[in-house]
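Spelled out, the chains give:
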Amino acid sequence: MKKIQMVDLKGQYEAIKETVNEYIAEVIDTTAFINGPQVQKFQSELESYLDVKHVIPCANGTDALQIAMMGLGLEQGDEVITADFTFAATVEVIALLKLTPVLVDVEPDTFNIDPEAIKKAITPKTKAIVPVHLFGQCANMDAIMEIAKEHNLYVIEDNAQGIGATYTFADGTKKKTGAIGHVAATSFFPSKNLGAYGDGGAIFTNDNDLAHTIRGIVNHGMYERYHHDVVGVNSRLDAMQAAVLRAKLPKLDAYNDARKAAAQKYNEAFSGVKNILTPYQYGDETSHVYHQYTLQITNGKRDALVKYLNEQGIPCGVYYPIPLHSQKAYKDDRYNEADFPVTNQLVKDVIALPMHTELNDEQIQFITDTVKKFVNS
Ligand SMILES: *Cc1c(COP(=O)(O)O)cnc(C)c1O
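These numbers come from a predicted model, not from an experiment.

Thresholds, definitions, all that
- Residues numbered from 1 in each chain as written.
- Predicted model: local features only at pLDDT ≥ 70, side-chain atom pairs only at ≥ 80, totals over all residues.
- Heavy atoms only, no water.
- Phe/Tyr/Trp six-rings, centres within 6.5 Å; stacked < 30°, edge-to-face > 60°.
- Helix = DSSP H or I, 4+ residues; strand = E, 2+ residues; numbered from the N terminus.
- Buried < 20%, exposed > 50% of the residue type's maximum accessible area, 1.4 Å probe, protein only.
- Lys NZ or Arg CZ within 6 Å of the ring centre and 35° of its normal.
- Domains from an automatic or database assignment.
- Contact = heavy atoms within 4.5 Å.
- Buried area = accessible area lost by both parts, 1.4 Å probe.
- Salt bridge = Lys/Arg side-chain N within 4 Å of Asp/Glu carboxyl O.
- Polar contact = N/O pair within 3.5 Å; in protein donor to acceptor, adjacent residues only side chain to side chain.
- Core = buried A, V, L, I, M, F, W, Y, C linked by side-chain atoms within 4.5 Å.

### Description of the packing of aromatic side chains
No. 1: Within this structure, the stated rule accounts for 15 aromatic pairs.
No. 2: For the ring pair phenylalanine 85 and phenylalanine 135, a centre distance of 6.2 Å and an interplane angle of 90 degrees mean the geometry is edge-to-face. Taken together, the residues span a long stretch of sequence, with phenylalanine 85 in the loop between β2 (79-83) and α4 (89-96) and phenylalanine 135 in the loop between β4 (126-130) and α6 (141-151) at a distance of 50 residues. Both residues of the pair, phenylalanine 85 and phenylalanine 135, count as buried.
No. 3: Between phenylalanine 85 and tyrosine 320, the ring centres sit 6.1 Å apart and the planes meet at 80 degrees, which makes this aromatic pair edge-to-face. Separated by 235 residues along the polypeptide, phenylalanine 85 in the loop between β2 and α4 and tyrosine 320 in the loop between α10 (302-311) and α11 (341-349) bring together distant segments of the chain.
No. 4: With a relative accessible area of 1%, phenylalanine 85 lands in the buried category.
No. 5: Accessibility expressed as a relative area gives 12% for tyrosine 320, which makes it buried.
No. 6: The structure contains a cluster of three or more aromatic residues connected by ring pairs, namely Phe85, Phe87, Phe111, Phe135, Tyr319 and Tyr320.
No. 7: Taking NZ or CZ as reference, lysine 176 lies 4.6 Å from the ring centre of tyrosine 49, over its face.

### A look at the domain arrangement of the chain
No. 1: Along its sequence, the chain is organised into domain 1 (9-250) and domain 2 (251-375).
No. 2: Averaged C-alpha coordinates put domain 1 and domain 2 at centres separated by 24 Å.
No. 3: At the junction of the two partners, domain 1 supplies 46 residues and domain 2 supplies 37 residues.
No. 4: Of all residues in domain 1, Phe85, Phe135 and Asn193 give up the largest surface area on contact with domain 2, accounting jointly for 20% of the area buried on that side.
No. 5: Scanning the region where domain 1 abuts domain 2 turns up one salt bridge.
No. 6: Where domain 1 meets domain 2, there are 25 residue pairs in polar contact (both at pLDDT 80 or more).
No. 7: Listed by contribution, the elements that provide at least two residues to the side of domain 1 that touches domain 2 are α1 (9-30), α4, β3 (100-104), β6 (166-168) and α8 (239-248).
No. 8: The element contributing the most residues to the side of domain 1 that touches domain 2 is β3, with five residues.

### Some details on the nonpolar core
No. 1: Membership of the largest hydrophobic core comes to 34 residues, with the highest contact counts inside it found for Ile81, Phe85, Val104, Ile118, Met141 and Ile144.
No. 2: Counting only elements with at least two residues in this core, the list comes to β2, β3, α5 (115-121), α6 and α11.
No. 3: Among the elements that take part in this core, α6 stands out by supplying four residues, more than any other.
No. 4: Counting residues domain by domain, this core receives three or more from each of domain 1 (9-250) and domain 2 (251-375).
No. 5: Not counting residues within four places of it along the chain, the set of residues in contact with isoleucine 81 comprises Val102, Val104, Ile113, Ile118, Ala121, Ile122, Thr126, Ala128, Ile129 and Val130.

Here you go:
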C-alpha cells in the first residue's frame, strides 16, 4: 500500500507536472516575478470561477483577513464577532488591528458559527461578523446575512477552507462561498483545497469602491505611484505561486469531487458504528468540499486513538485542540464558560483523518478498519 499521508501534494503534482512546470518556466523566462501576467491571469480566472467582481491577490490568508478589515475602515474598539472553534488567524488579525474580538460558540452538527449565538453577542459596538466555512462546509449564510442586514453589520467570509463550495439559499439561489458577504478572504497555503507551493492568499468582493480601497492597501496605501493616501501593507501574491495556482484552478472542481468521494467512502465505512459520529453535511453535495474529514469520538478515546493511529502509520490531526477563548493570547474576562458548551466538547472529541485528492480505496479501507477496531475494542 502507498504510504498514507494527511495531504499528498507530491501525488497531485505528478498529474499536473507539465502545466505547472511550463507556467513556472514562463515566469522565469519573462522575469516577471512581481505582479506580471501570471498574477493578472490568475486573478481574472478566479473572478470568473467564483462569479465575483474582484479578486485581489495577496501574500497569505491571514493578510487577506487583515486587509479586508482594514478596507472596511473598522476602528479601534469596534466589535467583530467570530467563531470560537476555528484556526486562530481570524481572532489574531482582529486583535492586531485593535478591534475587539467577540468569540461565540458553534453548532454541534456543522461545527460552524451559531447564528443564535451571534444574535446574543450583538451590542451597539458590533460592526462585523466573520463566519468561517469550517472544514469546507458553508456556514449558515441565510441566517448570517439576515442578522447582518437587520443590524447593519459587515460580513467578512473566512473562506480559507471552503473554496469551491456552493451555498444554496432558502429561495434556491446559489452562490460560491466567498461571493456572499461584503468581502471574503482565502488562503492558498499548500494544504488548502486550492493550494500553492508556498504562501498565497486573496480577498474577494463585489463592491467596486471597496475593491479599489483594498488594491491600494495591499500596495503600501498607494493609488498613484509614490502617493501614500492611507496606511497600507506590502502583501503580494508571488508570480511563481500564481503560476502554480493557474495550473490547479481548472482542476479545483475535480479535486473537490475527489475529496467528496473519499468522504462518502469514509461515511459508509463508519455508518452505524458505535461511538463514532461522522461529519454532518448540511445541504446538498455542493455545500461541503471536505477540506477536512472530521469525526467525533464520543467515548473519550480520542487522544488514545490519535496515538494508536500514529503507531499504525496513519497520520491524523486534531483541529482544533483548544478553544480560542481559552488561548492565553485571547482570554478575556467577558467570556463565560457556559457560553461555549459545543466548542468545549468538540475540542475533546474531534479527529481529522487523511483527506486529499489522491486517497485510494485500499488506504481508506485500512484507515477505517483501524479506527473502528480501536474505538470499540
Ligand atoms: C489557513 C487558514 C487561515 C490562514 O491562512 P494562511 O494563508 O495560513 O495565512 C485563516 N483562516 C482559516 C480558517 C484557515 O484555515
